[in-house]
Amino acid sequence: MTTGEPVEDLLRELAPQVLGALVRRYGHFDACEDAVQEALLAAATQWPRQGVPERARGWLITVASRRLTDELRSEAARRRRETTVAALAPVEESVLPAPGEQRSPDQDDTLTLLFLCCHPSLSPPSQVALTLRAVGGLTTAEIARAFLVPEATMAQRISRAKQRIKATGASFEPLPEAERAERLRVVLQVLYLIFNEGYTATSGPRLQRLELTAEAIRLARAVHRMLPDDGEVAGLLALLLLTDARRAARCRPDGSLVPLAEQDRSRWNQRQIREGAELITATLASRVPLGPYQLQAAIAAVHDEASKAEDTDWRQILALFELLERVAPNPVVTLNHAVALGMVHGPAAGLELLARLDGDDRMAGNHRVDAVRAHLLEMAGDRDAARDHYLQAARRTTSLPEQRYLRSRAAQLG
Amino acid sequence: MKYMLLIYDNPNTREVFFGEQGAELMAEVDAIMRELTESGELVGGQALADPSNSKTVRVRDGVPAVTDGPFAESKEQMGGYLIVECEREERAVEIAARWPNARFAAMEVRPIMDTSGDVM
């Protein structure tokens, strides 16, 4: 008999496979998704007590199919069209996979599901919520807790997302080659958002939020297994591993933030750093097209490989930022580029680059510009101006721990 | 980003809401609430009782002093709030602009602090 986490892990692994099997057979993505969620809940309550059935996947498919046909039947009854429903039964046995034909359709299904949940007609928060539920196998309550909203709000977002997908007429079929690259970019962005939501958490229902980082890494691993030759998928997985490796050191027990330069590096997860570094090294050597995730992973790897902050190879980081500005220019990259420039060529060079963001509407009123300016001014020895900008950044941020950190930096300058 | 929409009243707005126009205004409010519920943007909200029911609490030199009435002696008083989660501030402002109180008194849109954060 299995209890606790192993059951949960198994359910999350099986969730997209079961959903894929159902949608492929019946269509009705939205109704199937509800049915699978109910089957997962049933399993989560029964399996820890009664043990995991021998054919766990088949069990879930059977239970979900029953729920689905019940639902479709009553739906049809409402519409007085019982005849069409008769064609849906019998379901249970025929859906069970023949022994031996398990693996590859499941993998394709998971990818197809990811593409569907990350449909471009949905807003990023909806993509995130639907991905966590349909592919990640999390319950609505878990997702709601992780995003600090009432369960009813999250349920509404998920159901609306499904309605919207239905309205677009998107079907559960592998995407045409021409659309894959663009849609994969959205999938990677969604996985990154899920990770970040968990990673930046400093308090609140911490357990649920930390689970988000694990979930994002798990999904990124799954996508990497399916598309091992895609450089950006490998890059994202490496970036998540290399960033997550520092998690234990980035926060004090009281929730206050520790900047990279002051982190206790003995608390970094060396196993994850090795895995991430090997992955990004192999990817960069394989001559696949360079992309922003690979470059960000490479930068994270340079940071992680320095055993002391003073040993950081800032020249290499600067070279990577120059490349990143060419491949994927955006103001956040410029901001971090300015920090690297300051470390290599001195604060004046960093401030000069930062000045380029002054007229940029995308960063207007953004506290990070003030925070980086303060940091560079502090390096330049201009304590008064540095303090003013730290305080300005502290007023502008909507993050409590960042505000606390920025105020403490200002206070240190007297 | 989560925003609190602070709903301000003045002595006139309460009269208007209870007057002839009241039903129409409440229908506007209901429509917005329905839309926000359906879109999954509504996180919460409450209406506050009339400010004449308020007690203001001050502690000076360790001694609490409780007085009747609201803290600020202004005509504009907070009458309730909504919490919405929107992708952009523009959307929160748009919701505020449609709330009837914006026409009679004012709405204030203010970001809610969160406990997530990251520093370099």
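As the structure is a prediction and not an experimental result, all values here were calculated from the model.

Moving on to the overall build of chain B. Along chain B, the regular secondary structure elements total four helices and six strands. The order of helices and strands in chain B, counted from the N terminus, is β-α-α-β-β-β-β-α-α-β. On the principal axes, the C-alpha backbone points of chain B span a range of 55 × 45 × 20 Å. Looking at chain B as a whole, 22% of its 120 residues qualify as buried. Residue pairs at least 24 apart in sequence account for 76% of intrachain contacts in chain B once pairs closer than 6 positions are excluded.

Attention now moves to the overall build of chain A. Along the backbone of chain A there are 20 helices and zero strands. With the C-alpha coordinates of chain A rotated into their principal frame, the extents come out at 80 × 45 × 45 Å. Burial status across chain A gives 43% buried among its 414 residues. Relative to all contacts within chain A whose residues are 6 or more apart in sequence, the contacts with residues 24 or more apart total 61%.

Let us now look at the packing of helix α7 (residues 124-135) of chain A against helix α9 (residues 151-168) of chain A. Residue and element names in this part refer to chain A. In contact at an axis separation of 9 Å, α7 and α9 are set at 95° when each is read in the N-to-C sense. Relative to α9, α7 is oriented roughly perpendicular. Here Pro 125, Ser 126, Ala 129, Leu 130 and Arg 133 of α7 come into contact with α9, specifically with Met 154, Arg 157, Ile 158 and Ala 161.

Take the environment of Thr 153 of chain A next. Note on placement: Thr 153 of chain A falls in helix α9. Look at Thr 153 of chain A and you get buried, because 23 C-beta atoms sit within 10 Å. Taking C-alpha positions, Thr 153 of chain A is 46 Å from Gln 316 of chain A, a pair spaced 163 residues apart along the chain. Apart from residues lying up to four places away in sequence, Thr 153 of chain A is in contact with Ala 144 of chain A together with Gly 40, Leu 42 and Val 43 of chain B.

With that settled, consider the packing of helix α2 (residues 29-50) of chain A against helix α3 (residues 56-78) of chain A. All names here are of chain A. Direction vectors running N to C along α2 and α3 enclose 130°, while the axes themselves pass 8 Å from each other. With respect to their mutual orientation, α2 and α3 come out oblique. α3 is crossed by α2, and the crossing has right-handed handedness. Contacts from Ala 31, Cys 32, Ala 35, Val 36, Glu 38, Ala 39, Ala 42 and Ala 43 of α2 reach α3 at Leu 60, Val 63, Ala 64, Arg 67, Leu 68, Glu 71 and Leu 72. Residue composition of the contact of α2 with α3, grouped by class: 12 nonpolar, no polar and three charged.

Residue and element names in this part refer to chain B. Sheet architecture is open: four strands sit in the order β2-β5-β1-β6, paired in antiparallel fashion. With one partner strand each, in any of the chains shown, β2 (42-47) and β6 (106-111) form the two edges of the open sheet. With strand direction ignored, the average angle separating the axes of adjacent strands in the sheet is 20°.

The next thing to look at is the interface of chain B and chain A. Taken together, the 19 residues of chain B in the interface contact 23 residues of chain A. Of all the secondary structure elements, the ones that give two or more residues to the side of chain B that touches chain A are α2 (22-39) and β2 of chain B. Considering only residue class, the side of chain B that touches chain A consists of seven nonpolar, seven polar and five charged.

As a further point, take helix α10 (residues 177-199) of chain A. All names here are of chain A. Taking 1.5 Å of rise per residue, 23 residues should cover 33 Å, and α10 covers 33 Å from first to last C-alpha, within 8% of that figure. Residue Arg 183 marks the point of greatest curvature in α10, where the axis turns by about 25°. Every buried residue of α10 is accounted for by Leu 184, Val 187, Leu 188, Val 190, Leu 191, Ile 194, Phe 195, Glu 197, Gly 198 and Tyr 199.

All right, on to unusual backbone geometry then. Residue and element names in this part refer to chain A. Although it is not a glycine, His 28 adopts a positive phi angle of roughly 55°. Mapping His 28 onto the fold places it in the loop between α1 (5-26) and α2. Residue classification places His 28 among the partly exposed positions, given that 18 C-beta atoms sit within 10 Å. A positive phi angle, close to 55°, is found at Leu 148, a residue other than glycine. Among the secondary structure elements, Leu 148 is positioned in the loop between α8 (140-146) and α9.

Counting 125 residues, the largest nonpolar core has Val 18, Leu 22, Val 36, Ala 64 and Leu 191 of chain A together with Val 84 of chain B as the members making the most contacts within it. Excluding residues that lie within four positions of it along the chain, Val 36 of chain A makes contacts with Ala 15, Val 18, Leu 19, Leu 22 and Ala 64 of chain A.

Let us now look at helix α14 (residues 292-304) of chain A. Residues and elements named next belong to chain A. In this model α14 runs 18 Å from its N-terminal to its C-terminal C-alpha over 13 residues, within 8% of the 18 Å that 1.5 Å per residue would give. Of all 13 residues that make up α14, 12 are buried, and the element is covered over most of its length. Within α14, the full set of buried residues consists of Pro 292, Tyr 293, Gln 294, Leu 295, Gln 296, Ala 297, Ala 298, Ile 299, Ala 300, Ala 301, His 303 and Asp 304. Here the buried face of α14 lies against α10, α12 (231-244), α13 (270-285) and α15 (314-327).

Note: predicted coordinates in regions of low pLDDT should not be interpreted at a detailed level. When pLDDT is averaged across chain B, the result is 93; 100% of the residues are at 70 or more. Both scores are available for the predicted complex, with the pTM at 0.86 and the ipTM at 0.85.

Overall, the predicted model of chain A reaches an average pLDDT of 89, with 90% of residues at or above 70. This stretch, residues 81-103 of chain A, has a pLDDT under 50; its non-local contacts, to residues over four places away or in other chains, come to 21 contacts.

What counts, and at which threshold
Residues numbered from 1 in each chain as written. Chains lettered and ligands numbered in written order. Predicted model: local features only at pLDDT ≥ 70, side-chain atom pairs only at ≥ 80, totals over all residues. Helix = DSSP H or I, 4+ residues; strand = E, 2+ residues; numbered from the N terminus. Buried ≥ 20, exposed ≤ 12 C-beta atoms within 10 Å, placed from the backbone. Contact = placed C-beta atoms within 7 Å. Axes fitted to C-alpha atoms, helices over the stretch in contact; angles between N-to-C directions. Parallel < 35°, antiparallel > 145°, perpendicular 65-115°, else oblique. Left-handed = near helix turned anticlockwise from the far one by under 90°. Nonpolar A, V, L, I, M, F, W, Y, C, P; charged D, E, K, R; others polar. Pairing = 2+ DSSP bridges. Expected span 1.5 Å × (residues − 1). Bend = angle between axes of the 7 residues up to and from the residue. Core = buried A, V, L, I, M, F, W, Y, C linked by C-beta atoms within 7 Å. pLDDT = per-residue confidence, 0-100.

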